[in-house]
Amino acid sequence: MPQTLPLHALSSWQEQLADLISDPLELLRLLHLSPAQVSYSEAALRGFGLRVPRVYAARMAPGNPRDPLLLQVLPTQAELVEQPGHGQDPLAEATALVAPGILHKYPGRVLLIATQACAIHCRYCFRRHFPYAENRQSRREWEESLRYIERDSSIEEVILSGGDPLALSATHLDWLFEQLARLPQLRRVRLHTRLPLVVPDRVDARLCEQLRTLPQQVVLVLHANHAQEFDATVDTACAKLREAGVTLLNQSVLLANINDDADTLTALSQRLFSAGVLPYYLHLTDPVQGTAHFDVSTARGQQLLRALHGRLPGYLVPRLVREEPGKPGKTLL
Ligand SMILES: *Cc1c(COP(=O)(O)O)cnc(C)c1O
Ligand code: SF4
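Given the structure is predicted, the values throughout are model-derived calculations rather than measurements.

Caption draft 1: Representation of the overall build of the protein chain within the structure. The secondary structure content of the protein chain amounts to 13 helices and 10 strands. Taken against the 2.2 N^0.38 rule, which gives 20 Å for 333 residues, the C-alpha radius of gyration of the protein chain at 19 Å falls within 12% of a compact globule. By its C-alpha atoms, the protein chain is 55 × 55 × 45 Å across when sized along the principal axes. Counting over 333 residues, the protein chain shows a buried share of 53%.

Caption draft 2: Representation of the site of ligand 2 in the model. Every residue lining ligand 2 is accounted for by C118, I120, H121, C122, C125, G163 and R194. A breakdown of the residues in the shell around ligand 2 according to their chemical character gives 4 nonpolar, 2 polar and 1 charged.

Caption draft 3: Molecular detail of the packing of helix 12 (residues 262–274) against helix 13 (residues 298–311). The N-to-C vectors of helix 12 and helix 13 enclose an angle of 50°; their axes lie 10 Å apart at closest approach. Here helix 12 is positioned oblique relative to helix 13, judged by the angle of their axes. Here the hand of the crossing between helix 12 and helix 13 comes out right-handed. Contact residues: A262, D263, L265 and T266 in helix 12; L304, A307, L308 and R311 in helix 13. Partitioned by chemical class, the residues of the contact of helix 12 with helix 13 number 5 nonpolar, 1 polar and 2 charged.

Caption draft 4: Representation of helix 11 (residues 232–243) in the model. Here helix 11 spans 16 Å end to end across 12 residues, near enough to the 16 Å set by a 1.5 Å rise per residue. Among all positions of helix 11, only V234, A237, C238 and L241 are buried. One face of helix 11 carries all of its buried residues, which in axial projection span an arc of 95°. Summarising the geometry of helix 11, the exposed residues directed more than 90 degrees from the buried face are A232 and E243. In this structure, the buried side of helix 11 is in contact with helix 9 (195–198), helix 10 (205–212), strand 6 (217–222) and strand 7 (247–253).

Caption draft 5: Spotlight on the site of ligand 1. The full set of residues close to ligand 1 is K105, Y106, R109, L111, I159, R190, Y280, Y281, E323 and K330. In the model, an oxygen atom of ligand 1 is placed 2.7 Å from a nitrogen or oxygen of the Y280 side chain. Protein contact buries 93% of the 390 Å² of open area that ligand 1 shows by itself. Broken down by secondary-structure element, the contributors of at least two residues to the shell around ligand 1 are strand 2 (102–106), strand 3 (109–113) and strand 8 (278–283).

Caption draft 6: Here's a closer look at the sheet that holds strand 1 (residues 97–99). Spatially, the 10 strands line up as an open sheet ordered 1-2-3-4-5-6-7-8-9-10, and their pairing is mixed. Each edge of the open sheet is held by one strand with a lone partner, namely strand 1 and strand 10 (331–332). With 6 bridges joining them, strand 5 (residues 188–193) and strand 6 adopt parallel strand pairing. The residue bridging L191 from the neighbouring strand is L220, located in strand 6.

Caption draft 7: Geometry of the pattern of salt bridges. Counted under the stated rule, the structure contains 20 salt bridges. Two residues, R187 and E156, come together in a salt bridge whose shortest N-O distance is 3.3 Å. Linking R187 in the loop between helix 8 (170–181) and strand 5 with E156 in the loop between helix 7 (139–151) and strand 4 (157–161), this pair joins segments that are 31 residues apart in sequence. Relative accessible area serves as the criterion here: at 51%, R187 is assigned to the exposed category. The class for E156 is partly exposed, based on a relative accessible area of 29%. E157 is paired through a salt bridge with R190; the nearest N and O atoms lie 2.6 Å apart. With E157 in strand 4 and R190 in strand 5, the pair connects residues that are 33 residues apart, well separated along the chain. Here the residues in one salt-bridge network are E156, E157, R187, R188 and R190, joined through shared partners.

Caption draft 8: Fine view of the nonpolar core. Counting 74 residues, the largest nonpolar core has L27, V52, M60, I149, L160, L180 and F230 as the members making the most contacts within it. In terms of residue count, the dominant contributor to this core is helix 8 (5 residues). Looking at this core, you find at least three residues from each of domain 1 (13–80) and domain 2 (93–332). Excluding anything up to four places from it in sequence, F230 contacts L197, L222, A224, L268, R271, L272 and A275.

Caption draft 9: Molecular detail of the environment of Q83. Here Q83 shows up in the loop between helix 5 (70–73) and helix 6 (93–96). Residue classification places Q83 among the partly exposed residues on the basis of a relative accessible area of 30%. Separated by 153 residues in sequence, Q83 and T236 place their C-alpha atoms 41 Å apart. Those residues in contact with Q83 that sit more than four places away from it in its chain are Q289 and A292.

Caption draft 10: Just a nonpolar patch on the surface, in detail. Among the surface-exposed residues, F273, L278 and Y315 lie close enough to one another that they form a single nonpolar patch of about 290 Å² accessible area. A relative accessible area of 40% means that F273 is categorised as partly exposed.

Caption draft 11: Spatial organisation of the pairing of strand 3. Where burial is concerned, most of strand 3 is hidden: 4 out of the 5 residues are buried. The pairing of strand 2 with strand 3 spans 3 bridges and is classified as antiparallel. By the bridge assignment, L103 is partnered in strand 3 with L111. Connecting strand 2 to the antiparallel partner strand 3 that follows it, the hairpin turn spans 2 residues, and G108 within it adopts a positive phi of roughly 85°. With 5 bridges connecting them, strand 3 and strand 4 associate as parallel partners. Considered in strand 4, the bridge of V110 is made with V158.

Criteria and cut-off values
Residues numbered from 1 in each chain as written. Chains lettered and ligands numbered in written order. Predicted model: local features only at pLDDT ≥ 70, side-chain atom pairs only at ≥ 80, totals over all residues. Heavy atoms only, no water. Helix = DSSP H or I, 4+ residues; strand = E, 2+ residues; numbered from the N terminus. Rg over C-alpha atoms; globule rule 2.2 N^0.38 Å. Buried < 20%, exposed > 50% of the residue type's maximum accessible area, 1.4 Å probe, protein only. Near = heavy atom within 4 Å. Nonpolar A, V, L, I, M, F, W, Y, C, P; charged D, E, K, R; others polar. Axes fitted to C-alpha atoms, helices over the stretch in contact; angles between N-to-C directions. Parallel < 35°, antiparallel > 145°, perpendicular 65-115°, else oblique. Left-handed = near helix turned anticlockwise from the far one by under 90°. Contact = heavy atoms within 4.5 Å. Expected span 1.5 Å × (residues − 1). Arc of directions from axis to C-beta. Polar contact = N/O pair within 3.5 Å; in protein donor to acceptor, adjacent residues only side chain to side chain. Areas by Shrake-Rupley, 256 points an atom, 1.4 Å probe, with all protein chains shown as cover. Pairing = 2+ DSSP bridges. Salt bridge = Lys/Arg side-chain N within 4 Å of Asp/Glu carboxyl O. Core = buried A, V, L, I, M, F, W, Y, C linked by side-chain atoms within 4.5 Å. Domains from an automatic or database assignment. Patch = residues over 30% accessible without salt bridge, like charges linked within 9 Å, V, L, I, M, F, W, Y side chains within 5 Å.

Below is the structure:
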């Protein structure tokens, strides 16, 4: 009997990124669900489009309208509810922009919006209203940003964020890493990315070589919210990154109906560690318009953390944090 190859084995990561599911009705058909079952909203879709890699959709359970992966990506009616206190830029990021695409909020580290593109659109995203178009970088602007870092000798760490920095092409990353390699005061390069999780083939030999040859220590922070997001292909991607000398951490967002119970968070920590990833942060949601239905209260978050402390070794308990404008770091809760 000829074996059927899984779809992703046939195409490169570039092809997978070019072939994202963008039609919610197609996604629902693949999962044998009707729009009414999941309170799908076309108006919500117009506000922030759907983007889901096929290999990620394959980890969703067909027939489950409450699938924790589906709930992260599906535009729903709840997004249209106007929520007082939920704005477009709750973290006042616009004021922390010190050079094109550079946020310098915390001492010693700058966050570089490396690209506006993402491989997946997460409905809870706190940057969904970020004026990315205005932050699209030309080569000259990149150079201006790099000069900002070069001039400030207190900056020890550059955090590549976005969007998703691994949505950049290998050629562009080559150029960027080459520039970063030249900054003498830099000790660490950190990447915040969902790509090893949502398109594991993105972790190819070339990327591993790029990361391995950086003169700085490399930290990669995955953004996994649920154990079901992992499979053997994600394990392989994580193993390759570790072989390239990369330290793997994870940050999650505490999301109502997705991961806001002790069993789910315990399973996530266990699953992360089996992939060689340590939990770092568990974020409370930011008050972003259209995401209030994901909010979990501080008290509930603290209760969950206590439950995790009772069940897991300390190194598998993430730090519960919230981001507040004007603070020198995340607020530990
Ligand atoms: C979260 C964040 C950082 C990194 O904070 P850590 O506590 O080091 O993880 C840096 N800059 C900005 C703008 C951030 O939002
Ligand atoms: S920036 Fe991160 S959380 Fe937001 S849509 Fe992109 S991958 Fe998802």
